[in-house]
Amino acid sequence: MKNLVVKLGAAAIAATVMATGAWAASAYPKNKPREQDWSFAGPFGMYDQAQLQRGLKIYAENCSACHALSRVNFRNLADLGYSDEQIKAFAANYEVEDGPDDFGDMFFRPATAADAFPSPFPNKEAARAANGGAYPPDLSLIAKARAPIRGFPAFVIDPFRNYAENGPDYIYSLLTGYKDEVPEDVSVPEGLWYNPYFASGTALAMAPPLFEGMHEFDDGTEATVSNMAKDVAAFLMWTAEPHMDERKQLGFRVMVFLLIFAALLYLSKKQVWARVEH
Amino acid sequence: MSKLEHHGTYTPTSGVGKWIDARMPLPRLMYDSFVAYPVPRNLNYAYTFGGILSIFLVIQIVTGIVLAMHYVPDATKAFDSVEHIMRDVNSGWLMRYMHQNGAHFFFLAVYLHIFRGLYYGSYKAPRELLWILGCIIYLLMMATAFMGYVLPWGQMSFWGATVITGFFTAFPVIGVPIQELLLGGFAVGDPTLNRFFSLHYLLPFMIAGVVILHVWALHVTGQTNPTGIEVKSKTDTVPFTPYATIKDAFALILFLALYAYFVFYMPNFLGHADNYIPADPMVTPAHIVPEWYFLPFYAILRAITFDIGPITAKLGGVIAMFSAVLVLFVVPWLDTSKVRSAVYRPWYKLAFWLFVINSVFLGWLGSQPAEGVYVALAQLSTAIYFGFFLIVMPVLGLVEKPRRLPNSITEAVLERSAKTGGGSPQLGDATASADKS
Ligand code: HEM
């Protein structure tokens, strides 16, 4: 009879996992994201500050020309290991609109730590107009907003191997996945670029944004497309989930507490029931 | 077992205790309900989900109230306010992930609890009202979770609300007015968000009220047990405290550990990535899929692709979907068996497990596009779902020959322990269990 619990449990877990993992079979992306090693993967994985700093540099020098990052404030950069002075100086490179002043006029001033990253375009329409009709999405949450179908059996296995890096794997694969040769059966409209890793079609309106050697890193990291894609993807994971380190650290303490508590309760339960046949 | 039988074992010792007892015997009620309350001695872990469910209701209410302090029910600000909770509010991410994953585990527990009831025949007389109160809780939970899911105002929130409220338009005459009443307009928008927030705050407290009735009814009839035989003598039961308390606590902590694993290590595994994109009425997501706990019903909805006389396919689907939930209410009268527990009903036991597998399969179909072979499979699976309740339950009860029942719970327990724990570790004995007695 105790089997019932085990069986029901197994059935329920299978149901949960199946149902959430098996999204409708869509045709895109043509290629599944390639899994990378991330410093923040796994129950003890943490962000690598040096990597996030390189990612910030790539965003600031490159992606920010088209993409907003409006949910991130300059003060948040303290997480990346910057001091208050460094953040102040970095923010001052940006101009933000403020006002109205005493005369009722809007004005521009240098950004402070309390400001969010200013957006490259005043509105969606302007962003579209500048990008051939396609809207470059705000990147703040993109690492959590893109999670291509894992398919069976991966989605069943994922909870057991604690795989939660779908988003950064996708961004990395997209940025490194542009292909010059287009397969016969694919037609790429004028002004779009073929990328078999893109989640919502065969081709996208973003030209390949990364080229070998286009950024320089103080720590001597080689500016290969792959390295840069990885660093910026890690940075975008941080912008989407800034409290991940804290979450996992607290999680560890909670799990240890619950498991010890469970063991003690189990022993007490045995003790209490020892005198009763059941 | 009547309520009176265990009434009066409470003896207040302190002066204050006696004073209160003479005026409003609340401590006595608590004592009789959660300390002295007799429970069958042979309950297994399938009986621990009731306690787990009440804790999850508390978790949802506590985290929900904290979220509501920072949440803004305004179509232009809702998404930002949830992100503000995730980023800037102290431990906001924890409250949000606990609430979000809490809903998933609440449903996991309620499904296990319902399956337990179906397996052990918990709905049979005299527990019909207890069962119906449970079904009402389940309905209220579904409404609460649906409206809660709309609050973060992501793409799935918006489009899920659009699709689900759209079902109502299938009903002739009253359909469109109902939909407009739900939405507060002609399409999902600010008024929808505001009324859903208000109702999402209200319904959990209604659930708490029905839970009190549910527990009251439970304490009048007493629990069932794996043998399905009613309690006959004192030796059949043990006091709730410490026996059930410690067992429930152990199961609860294990369940919480599983929940915590998802909250802290995979908080977004059970959700949809699309809900991290702010709602956009101009962009329809490629696949609109409800949360996993609604998927079997979603599959039933889409399985009806043909008109039946004046009933259009759309209306037929909506009727089938509502019927799939409502059929649970009449289960006490559909099951004709004299024997309560599946342990002594070999054919029912088989049918039960097929039903469980079929329910999981329906859930999977609900996540697939409604096209090609999936439609035929969903139709077959829907037929099996209703067949279990409307054909198997009434017919099996009449034709099935149950196994011999033990005379009492005590006898069943002692018979089993004589077989398994009798000190002679013979191989043949090791496989014997109460299932076979
Ligand atoms: C039966 C208990 C409850 C269930 C099953 C439930 C379920 C849900 C669900 C599924 C969500 C969407 C979560 C997400 O995807 O982000 C949600 C959001 C929310 N709920 Fe509840 N809830 C319950 C009780 C409450 C209570 C009592 C409150 C208190 C007012 C509350 C306040 C909120 C708020 C403010 C949100 C929006 C913030 C967010 O999305 O995280 N909930 N709820």
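Within any chain, residue numbers begin from 1 and follow the written order of that chain's sequence. Each chain gets a letter, beginning with A, and each ligand a number, beginning with 1, in the order they are written. Side-chain atom pairs in this predicted model are given and counted only at pLDDT of 80 or more, local residue features only at pLDDT of at least 70, and totals for whole chains, interfaces and linings cover all residues. To obtain the side-chain values, all non-hydrogen atoms of the structure were used and water was disregarded.

**Notes on the overall build of chain A**
Step number 1: Secondary structure elements follow DSSP: runs of H or I of four or more residues count as helices, runs of E of two or more count as strands, with numbering from the N terminus. A tally of regular secondary structure across chain A gives nine helices and four strands.
Step number 2: From first element to last, N terminus to C terminus, chain A shows the α and β order α-α-α-β-β-α-α-α-α-β-β-α-α.
Step number 3: The globule rule used here is 2.2 Å times the number of residues to the 0.38 power, and the radius of gyration it is set against is calculated over C-alpha atoms. Relative to a compact globule of 278 residues, whose C-alpha radius of gyration would be 19 Å, chain A shows 24 Å and is clearly more extended.
Step number 4: In terms of overall dimensions, chain A has C-alpha extents of about 85 × 55 × 45 Å along its principal axes.

**Considering the side chain of Thr63 of chain B**
Residues and elements named next belong to chain B.
Step number 1: Tracing the backbone through its elements, the reader meets Thr63 in helix 3 (residues 49–70).
Step number 2: Burial here depends on accessible area, computed with a 1.4 Å probe over protein chains only, as a share of the maximum for the residue type. Under 20% is buried, over 50% is exposed, and the range in between is partly exposed. Its relative accessible area of 3% is what places Thr63 among the buried residues.
Step number 3: Polar contacts here mean pairs of N or O atoms no more than 3.5 Å apart (in protein, one a potential hydrogen donor and the other a potential acceptor; neighbouring residues in sequence count only if both atoms are side-chain atoms). At 2.8 Å, the side chain of Thr63 and the backbone oxygen of Ile59 are in polar contact.
Step number 4: Only 2.9 Å separates the side chain of Thr63 from the side chain of His99, close enough to count as a polar contact.

**Section: the pattern of salt bridges**
Step number 1: Salt bridges are defined as contacts in which a side-chain nitrogen from Lys or Arg sits within 4 Å of a carboxyl oxygen from Asp or Glu. The final tally for this structure, using the stated rule, is 22 salt bridges over all chains.
Step number 2: Taking the shortest distance from any N to any O, the salt bridge between Arg150 of chain A and Asp158 of chain A comes out at 2.8 Å. The same class applies to Arg150 of chain A as to Asp158 of chain A, namely buried.
Step number 3: Residue Arg28 of chain B pairs with Asp21 of chain B through a salt bridge whose shortest N-O separation is 2.8 Å. For the pair shown, Arg28 of chain B and Asp21 of chain B are each scored as buried.
Step number 4: Through salt bridges with shared partners, a single ionic network connects Glu35, Arg150, Asp158 and Arg161 of chain A.

**Points about the site of the ligand**
All names here are of chain B.
Step number 1: Close to the ligand lie 25 residues; Arg96, His99, Gly148, His200 and Tyr201 are nearest.
Step number 2: The separation between an oxygen atom of the ligand and a polar side-chain atom of Arg96 is 2.8 Å.
Step number 3: In this structure, an oxygen atom belonging to the ligand sits 3.2 Å away from a side-chain N or O atom of Gln100.
Step number 4: For the shell around the ligand, the elements supplying multiple residues, two or more each, are helix 3, helix 5 (92–120), helix 6 (128–150) and helix 9 (190–221).
Step number 5: The element that contributes the greatest number of residues to the shell around the ligand is helix 3, accounting for seven residues. Here a residue is considered near a molecule or strand provided that any single heavy atom belonging to it is located within 4 Å of it.

**Remarks on the UniProt feature "domain: Cytochrome b/b6 C-terminal region profile" (unreviewed entry) in chain B**
Step number 1: UniProt positions are given in the numbering used here, feature names are shortened, and annotations may be inferred rather than shown by experiment. The positions that UniProt labels "domain: Cytochrome b/b6 C-terminal region profile" (unreviewed entry) are, in the present scheme, residues 230–407 of chain B.
Step number 2: The span residues 230–407 of chain B is 57% helical and 2% strand by assignment, and the distance between its end C-alpha atoms comes to 10 Å.

**Considerations on the coordination of the iron atom of the ligand**
Residues and elements named next belong to chain B.
Step number 1: Coordinating donors are taken as N, O and S atoms within 2.8 Å of the metal, stretched to 3.2 Å for Na, K and Ca; because water is absent from the atoms, sites can appear incomplete. Taken together, the protein ligands of the iron atom of the ligand are His99 (NE2) and His200 (NE2), with distances of 1.9 to 2.0 Å.
Step number 2: A four-donor site is called tetrahedral if each angle lies between 85 and 135 degrees; a four-donor site is square planar, and a six-donor site octahedral, when trans pairs exceed 155 degrees and the remaining angles lie between 65 and 115; all other cases are labelled irregular. Around the iron atom of the ligand, the six donor atoms sit at angles spanning 88 to 180 degrees, and that spread fits a shape best called octahedral. Linking His99 in helix 5 with His200 in helix 9, this pair joins segments that are 101 residues apart in sequence. Of the two residues, His99 and His200, both sit in the buried class.

**As for a nonpolar patch on the surface**
Step number 1: Candidates for patches are residues over 30% relative accessible area with no salt bridge; among them, like charges are joined within 9 Å and nonpolar side chains (Val, Leu, Ile, Met, Phe, Trp, Tyr) within 5 Å. Areas reported as accessible are Shrake-Rupley estimates using a 1.4 Å probe. Residue values count occlusion only from the protein chains shown. Judged by side-chain polarity, Phe44, Phe252, Val256, Phe257, Ile260, Phe261, Leu264, Tyr266 and Leu267 of chain A come together as a nonpolar surface patch covering roughly 900 Å² of accessible area.
Step number 2: Along the chain, Phe252 of chain A falls in helix 9 (residues 244–273).

**Focus: the packing of aromatic side chains**
Residue and element names in this part refer to chain B.
Step number 1: Here a pair means two rings of Phe, Tyr or Trp (six-membered ring of Trp) with centres within 6.5 Å. Their orientation is stacked below 30 degrees between planes, edge-to-face above 60, and tilted elsewhere. Under the defined criterion, the tally for this structure stands at 59 aromatic pairs over all chains.
Step number 2: Ring geometry for Phe168 against Phe322: centres 6.2 Å apart, planes inclined by 50 degrees, an arrangement best described as tilted. Residue Phe168 is found in the loop between helix 7 (155–167) and helix 8 (175–183), and its partner Phe322 is found in helix 12 (residues 313–326); the two are separated by 154 residues along the sequence.
Step number 3: For the pair Trp364 and Tyr374, a centre-to-centre distance of 5.9 Å together with 75 degrees between the ring planes defines the contact as edge-to-face.

**Regarding the interface of chain B and chain A**
Step number 1: On the side of chain A, 63 residues touch chain B, which itself brings 68 residues to the contact.
Step number 2: When two parts are put together, the accessible area they lose, computed with a 1.4 Å probe and summed over both, is reported as buried area. Between chain B and chain A, roughly 6000 Å² of surface is buried when both sides are summed, and carbon and sulfur atoms account for 71% of that area.
Step number 3: On the surface where chain B and chain A come into contact, there are three salt bridges.
Step number 4: The tally of links between chain B and chain A comes to 13 residue pairs in polar contact (both at pLDDT 80 or more).
Step number 5: Those elements that place two or more of their residues in the side of chain B that touches chain A are helix 4 (78–87), helix 5, helix 10 (240–265), helix 14 (346–366) and helix 16 (409–420) of chain B.
Step number 6: In terms of residues, the side of chain B that touches chain A owes the most to one element, helix 10 of chain B, which gives 17 residues.
Step number 7: Considering only residue class, the side of chain B that touches chain A consists of 50 nonpolar, seven polar and 11 charged. Pairs of residues are marked as contacts when any of their non-hydrogen atoms sit within 4.5 Å. Each residue is assigned to one of three groups, with Ala, Val, Leu, Ile, Met, Phe, Trp, Tyr, Cys and Pro labelled nonpolar, Asp, Glu, Lys and Arg labelled charged, and all others, Gly among them, labelled polar.

**Some details on the UniProt feature "domain: Cytochrome c" (unreviewed entry) in chain A**
Step number 1: Here, UniProt's "domain: Cytochrome c" (unreviewed entry) annotation points to residues 50–202 of chain A.
Step number 2: Between the end C-alpha atoms of residues 50–202 of chain A there is a gap of 34 Å, over a span that is 33% helix and 7% strand.

**Concerning the domain arrangement of chain B**
All names here are of chain B.
Step number 1: Domain ranges listed in this record stem from an automatic or a database domain assignment. Annotation of chain B at the domain level lists domain 1 (1–36), domain 2 (41–288), domain 3 (299–405) and domain 4 (410–437).
Step number 2: Taking the mean C-alpha position of each, domain 2 and domain 3 sit 23 Å from one another.
Step number 3: Contacts between domain 2 and domain 3 engage 30 residues on the former and 30 residues on the latter.
Step number 4: Counting across the interface, domain 2 meets domain 3 through two salt bridges.
Step number 5: Across the salt bridge formed by Asp335 and Lys124, the nearest N and O atoms sit 3.5 Å from each other.
Step number 6: Listing elements by their share of the side of domain 2 that touches domain 3, those giving two or more residues are helix 5, helix 6 and helix 7.
Step number 7: Along the lines of polarity and charge, the residues of the side of domain 2 that touches domain 3 split into 20 nonpolar, six polar and four charged.

**With respect to the UniProt feature "binding site: heme c" (unreviewed entry) in chain A**
Residue and element names in this part refer to chain A.
Step number 1: When the UniProt feature table is mapped onto this chain numbering, "binding site: heme c" (unreviewed entry) sits at Cys63, Cys66, His67 and Met206. In sequence the annotated residues extend across 144 residues, while in space they remain close, none of their C-alpha pairs exceeding 10.8 Å.
Step number 2: You can see Cys63 is positioned in the loop between helix 2 (49–61) and helix 3 (84–91).
Step number 3: Not counting the four nearest positions on each side in its chain, Cys63 is found in contact with Ile58, Leu139 and Val232.
Step number 4: Turning to its location among the elements, Cys66 is positioned in the loop between helix 2 and helix 3.
Step number 5: Given the relative accessible area of 29%, Cys66 is considered partly exposed.

**Side note on the environment of Arg340 of chain B**
Residues and elements named next belong to chain B.
Step number 1: Within the secondary structure, Arg340 sits in the loop between helix 13 (331–334) and helix 14.
Step number 2: The buried category is assigned to Arg340, whose relative accessible area is 11%.
Step number 3: For the pair Arg340 and Asn225, spaced 115 residues apart in the sequence, the C-alpha separation amounts to 9.6 Å.
Step number 4: Non-local contacts of Arg340, meaning those with residues more than four positions away in its chain, are made with Tyr119, Tyr120, Gly121, Lys124, Ala125, Pro126, Arg127, Thr224, Gly228 and Glu230.
Step number 5: Among the polar contacts made by the side chain of Arg340, one reaches the main-chain carbonyl oxygen of Gly228 at a distance of 2.9 Å.
Step number 6: Within polar-contact distance, the side chain of Arg340 engages the side chain of Glu230 at 2.9 Å.

**A closer look at the confidence of the model for chain B**
All names here are of chain B.
Step number 1: When pLDDT is averaged along chain B, the result is 92; 94% of the residues meet or exceed 70.
Step number 2: Per-residue confidence from the predictor is given as pLDDT, running between 0 and 100. Low pLDDT (under 50) marks residues 1–6, which in the prediction has 13 contacts with non-local residues, meaning those over four places away or in another chain.
Step number 3: Listed scores for the predicted complex are pTM 0.92 and ipTM 0.90.

**Regarding the nonpolar core**
Residues and elements named next belong to chain B.
Step number 1: Buried Ala, Val, Leu, Ile, Met, Phe, Trp, Tyr and Cys residues form a nonpolar core when they are joined through side-chain atoms within 4.5 Å. In terms of nonpolar packing, the biggest core is built from 188 residues, with Phe107, Leu118, Tyr138, Tyr385 and Phe389 touching the most fellow members.
Step number 2: Here this core takes 19 residues from helix 5, the largest share from any one element.
Step number 3: With near-sequence residues (within four places) excluded, Phe389 lies in contact with Leu118, Val327, Leu328, Val331, Leu334, Phe355 and Pro394.

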